[in-house]
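Listed below are the residues making up each chain.
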Amino acid sequence: MTKLSLIIKNAKQLLTLQSDKKGPRIGEEMQHLGIIEHGAVAIDKAIIVDVGKTDEILNKYTSENIIDANGKIVMPGFVDPHTHPIFVQTRENELEMRIKGKSYKEISQSGGGIRSSINAVRKASLEELVTLAEKRINKMLQQGTTTMEAKSGYGLSTDSEIKMLRAIEILNEKSDMDIVPTFLGAHEFPEEYKDNKDKYIRILVDEMLPEVKRQGLSKYCDIFCESYVYNIDQSRYILGKAKEMGFRIRMHADELEPTGGAELSAEIGAITADHLGATSDKGIQAMKRAGVVPILLPGTTFSLGLDHYARARDMINAGLAVTLATDYNPGSCNCDSMQFIISLACIQMRMLPAEAIAASTINGAYSLELADKIGSIEKTKQADIVIMNIPSYQYIPYHLGSNCVDMVIKKGKTVFRNDNNLELITRVQE
Ligand SMILES: [Zn+2]
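Residues numbered from 1 in each chain as written. Predicted model: local features only at pLDDT ≥ 70, side-chain atom pairs only at ≥ 80, totals over all residues. Heavy atoms only, no water.

With respect to helix 5 (residues 126–142)
For an α-helix, the turn length of 3.6 residues means that residues three or four places apart are oriented alike. Spelled out, the test is: Going along the chain from the N terminus, every DSSP run of H or I of four or more residues is numbered as a helix, and every run of E of two or more is numbered as a strand. Multiplying 1.5 Å by the residue count of a helix minus one yields the expected span of that helix. A 1.4 Å probe rolled over the protein chains alone gives each residue an accessible area, and that area as a share of the maximum for its type sets the label: buried under 20%, exposed over 50%, partly exposed in between.
The first and last C-alpha atoms of helix 5 sit 24 Å apart over 17 residues, in line with the 24 Å expected at 1.5 Å per residue. For helix 5, the full list of buried residues reads L129, V130, A133, R136, I137, M140 and L141. The first or second residue beyond helix 5 is G144, which carries a positive phi of 100°.

Below, the structure written as C-alpha cells:
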C-alpha cells in the first residue's frame, strides 16, 4: 500500500473532466464530464496521483487523512478567467440609476462607470488595495473558485496601473487562490485625456506596456474594444504594439454593439475574446478559424438588465471552446459566484448543465493557458478540488443563488469547509 497525504473517497459522482483528446472541449465533447460513480481521488502533497472507484483506490493507497465525500459531488475547482477585483468603492448607486432607466453607456458618459472607480484607486495605497481585494478573493475561494484571472484597469496612469498589478502579485502569493494577472490600461480613457485620446494611447504604448513588460507583471494585454471606448482602429494599433512586445492578447469585444471585436480578435491572434453579446455570424466564424477562446459573461448581461445574451448555442455548434467567467467588478456585475454564472448560462443561454461545467473548469484552464496543471481531476494535475453538497451535477444551475460548496481543497490542502459539515472529515485508524 502506498501511503499518501490525502484521499477523497465515496463521491456519488466524481466529475473528472478527463478526456483522451488534447485541447479544450468543443461541440459534443462539452457534454462529457468523465464521471466516475462512487469515485475517489488519491493525492500526494499538491498533486493528484490516481483517480478511480473508491474500492480500487482504497486497495492501492492509504492515508492518515481521508475525506469521506459521503455521497456528494466531487469536481475540479472552478476557473474564473475574467475578473476585476482590485477596486476601492462599490457602485450600487449605478444599479438604481439603471433601474430608473439610464443605460450603462449614459452612466459612463456622465462620469459614472469605469471612470468613477479611477480616482479612488489612484489615491489608495498598495496595502489598501491588497486588504480590500483579499476579502473578495477569499469569498470567491469559498464558493469553489480555485484559479482566477484579475485585471488592472482602474488606475489608467503608469504608476497606478503598476500598483494594481503589484497588488495582484501580492495577493497571488498571500492567498490560497492562484491569480493570473492581466494588464488592462486600455479599459477606458482617463478624464484628463478624454479630449486627447491619442496622447493617452501614446502613454499606453510608449510607457505603460514597456514598464509592465520590464517588471514582468503580466503576460497578457487586454482592451475594452467598443465603438465608444477603444474603437477598432485604436484597438488594432494598441494590440499590435503589445504583440510586438511579446504580450499575449485578451479582449473585451462586442459587449454592447457589433463593433467587429470578434473579427479583430481573430485577425490579431488573441487568446480570448470576452463578452461577445453582440457578435455576428462572421465574428463567430473568424474566431473558429483562428482558434480564439470565447469567454462569455452572462452575469453582466443579467446585471445590466439586457436581453442580448451571447449566442452560446451558436458558438458551441460552430465548434468554439465556449468558456464562462463572472466578470466580477464594482459596476456592471458584482457577482463572485461561478455557481450563479452556471445558472445564468443554462437558463438564459440554454447551455446544458454539463456544458456549463466544462466551460467553468477545463475550458477556463485552457483560456488561461494552464490546462496542463488545472481544470480537471486527473493524474499529475494540481489537486484543486471542490466537494459540493448536492445530489447531482445538474443541481448546480438548478439551485439559484446559494453556495453549495461543502469543502474546497487547493493544492492538496483543505482551505475551506462549510462549518455545518465538519463531521465529514474522518481519520482512519492504522
Ligand atoms: Zn471585464
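Here we look at the environment of M148
The condition is simple: Residues are treated as being in contact if the distance between any of their heavy atoms lies within 4.5 Å.
Secondary-structure assignment places M148 in strand 9 (residues 145–151). Taking the relative accessible area as the measure of exposure, M148 reaches 0% and is therefore buried. Separated by 178 residues in the primary sequence, M148 and T326 have C-alpha atoms spaced 9.9 Å apart. Not counting residues within four places of it along the chain, the set of residues in contact with M148 comprises D80, T83, P85, I137, M140, M177, D178, I179, V180 and L368.

Here we look at the domain arrangement of the protein chain
Just so we agree on the cut-off: Domain limits in this description derive from either an automatic procedure or a database domain assignment. Computed with a 1.4 Å rolling probe, the buried area is the accessible surface lost when two parts are put together, summed over both parts. By convention in these notes, a salt bridge is any Lys or Arg side-chain nitrogen within 4 Å of a carboxyl oxygen on Asp or Glu. What qualifies as a polar contact is a pair of N or O atoms within 3.5 Å, subject to a donor-acceptor requirement within protein and to the restriction that residues adjacent in sequence count only when both atoms come from side chains.
Domain boundaries assigned for the protein chain yield domain 1 (2–76 + 379–426) and domain 2 (79–367). Each of domain 1 and domain 2 was reduced to a C-alpha centroid, and the two centroids are 30 Å apart. Between domain 1 and domain 2, the contact holds 36 residues from the first and 32 residues from the second. Carbon and sulfur atoms supply 68% of the area that domain 1 and domain 2 bury against each other, a total of about 2700 Å² over both sides. In terms of surface lost to domain 2, no three residues of domain 1 exceed M30, P397 and K410, which account for 23% of the buried area on that side. For the pair domain 1 and domain 2, the number of links is 3 salt bridges. Between D178 and K410 there is a salt bridge, and its shortest N-O distance comes to 2.9 Å. Our count for the domain 1 to domain 2 interface comes out at 11 residue pairs in polar contact (both at pLDDT 80 or more).

Some thoughts on the side chain of D222
With respect to the element layout, D222 can be found in strand 11 (residues 220–225). Separated by 2.6 Å, the side chains of D222 and K151 make a polar contact. Apart from residues lying up to four places away in sequence, D222 is in contact with K151, T182, F183, L184, A186, R250, M251 and H252.

Digging into the packing of helix 7 (residues 197–214) against helix 8 (residues 232–244)
Keep this limit in mind: To get an axis, fit a line to the C-alpha atoms, keeping to the stretch in contact for a helix; angles then go from 0 to 180 degrees between the N-to-C directions. Note on terminology: angles under 35 degrees are roughly parallel, angles over 145 are roughly antiparallel, angles of 65 to 115 are roughly perpendicular, and the others are oblique. By convention, the crossing between two helices is left-handed when the near helix turns anticlockwise from the far helix through less than a right angle, and right-handed when the turn is clockwise. For this scheme, ten residues count as nonpolar: Ala, Val, Leu, Ile, Met, Phe, Trp, Tyr, Cys and Pro. Four count as charged, namely Asp, Glu, Lys and Arg, and the remainder, Gly too, count as polar.
Two numbers describe how helix 7 lies on helix 8: the axes approach to 10 Å, and their chain directions differ by 15°. Classed by the angle they form, the pair helix 7 and helix 8 counts as roughly parallel. Our pair here, helix 7 against helix 8, has a crossing hand that is right-handed. Counting all contacts with helix 7, which are made through K197, I201, R202, L204, V205 and L209, the residues of helix 8 involved are Q234, Y237, I238, K241 and A242. Grouping the constituent residues of the contact of helix 7 with helix 8 by class yields 7 nonpolar, 1 polar and 3 charged.

Considerations on the packing of helix 8 against helix 9 (residues 261–268)
The geometry of helix 8 relative to helix 9 is characterised by a closest axis approach of 11 Å and an angle of 25° between their N-to-C directions. In terms of their interaxial angle, helix 8 and helix 9 are classed as roughly parallel. Crossing angle aside, the handedness with which helix 8 passes helix 9 is right-handed. Between helix 8 and helix 9, the contacting residues are I232, S235, R236, L239, G240 and K243 on the first element and G261, L264, E267 and I268 on the second. Broken down by class, the residue content of the contact of helix 8 with helix 9 amounts to 4 nonpolar, 3 polar and 3 charged.

Here we look at unusual backbone geometry
You will see that D254, though not glycine, has its phi angle at about 50°, which is positive. As for its position among the elements, D254 is in the loop between strand 12 (248–253) and helix 9. Here H275, not a glycine, exhibits a phi torsion of approximately 85°, which is positive. Secondary-structure assignment places H275 in strand 13 (residues 272–275). We classify H275 as buried; its relative accessible area is 6%.

Thoughts on the side chain of Q382
In this fold, Q382 is placed in the loop between helix 15 (362–367) and strand 16 (385–388). With a relative accessible area of 12%, Q382 lands in the buried category. There is a polar contact of 3.1 Å between the side chain of Q382 and the side chain of D178.

What to know about the nonpolar core
Stated precisely, the cut-off is as follows: Working definition of a nonpolar core: buried Ala, Val, Leu, Ile, Met, Phe, Trp, Tyr and Cys residues. They are joined through side-chain atoms within 4.5 Å.
Membership of the largest hydrophobic core comes to 105 residues, with the highest contact counts inside it found for Y230, L296, L324, M349, M351, I357 and M388. For this core, the leading source of residues is helix 7, giving 8 residues. Looking at which domains feed residues into this core, each of domain 1 (2–76 + 379–426) and domain 2 (79–367) gives three or more. Once residues within four sequence positions are removed from consideration, Y230 is found in contact with G185, A186, H187, E188, F189, Y200, I201, I223, F224, C225, S235 and I238. Grouped together as the second largest cluster of nonpolar side chains are 18 residues, L14, V41, I67 and I409 included.

Quick word on the coordination of the zinc ion
Between any two of four tetrahedral donors, the ideal angle at the metal is 109.5 degrees; between two of six octahedral donors, it is 90 or 180 degrees. Quick reminder of the rule: Coordinating donors are taken to be N, O and S atoms lying within 2.8 Å of the metal, or within 3.2 Å when the metal is Na, K or Ca; because water is excluded from the atom set, some sites may appear incomplete. Under this scheme a four-donor centre is tetrahedral when all angles range from 85 to 135 degrees, a four-donor centre is square planar and a six-donor centre octahedral when opposite donors are above 155 degrees with the rest from 65 to 115, and any other centre is irregular.
On the protein side, the zinc ion has H82 (NE2), H84 (NE2), H252 (NE2) and D327 (OD) as donor atoms, found 2.1 to 2.7 Å from it. The site at the zinc ion holds 4 donor atoms, and with the angles between them running 79 to 164°, its shape is irregular. For H82, a relative accessible area of 0% translates into the label buried. Residue class for H252 comes out buried when judged on its relative accessible area of 2%.

Some details on the pattern of salt bridges
For the coordinates displayed, the defined rule picks out 31 salt bridges. Put simply, E191 and K194 hold a salt bridge, and the shortest N to O gap is 2.7 Å. A single network of salt bridges, built from pairs that share partners, joins E149, K151, D222 and R250.

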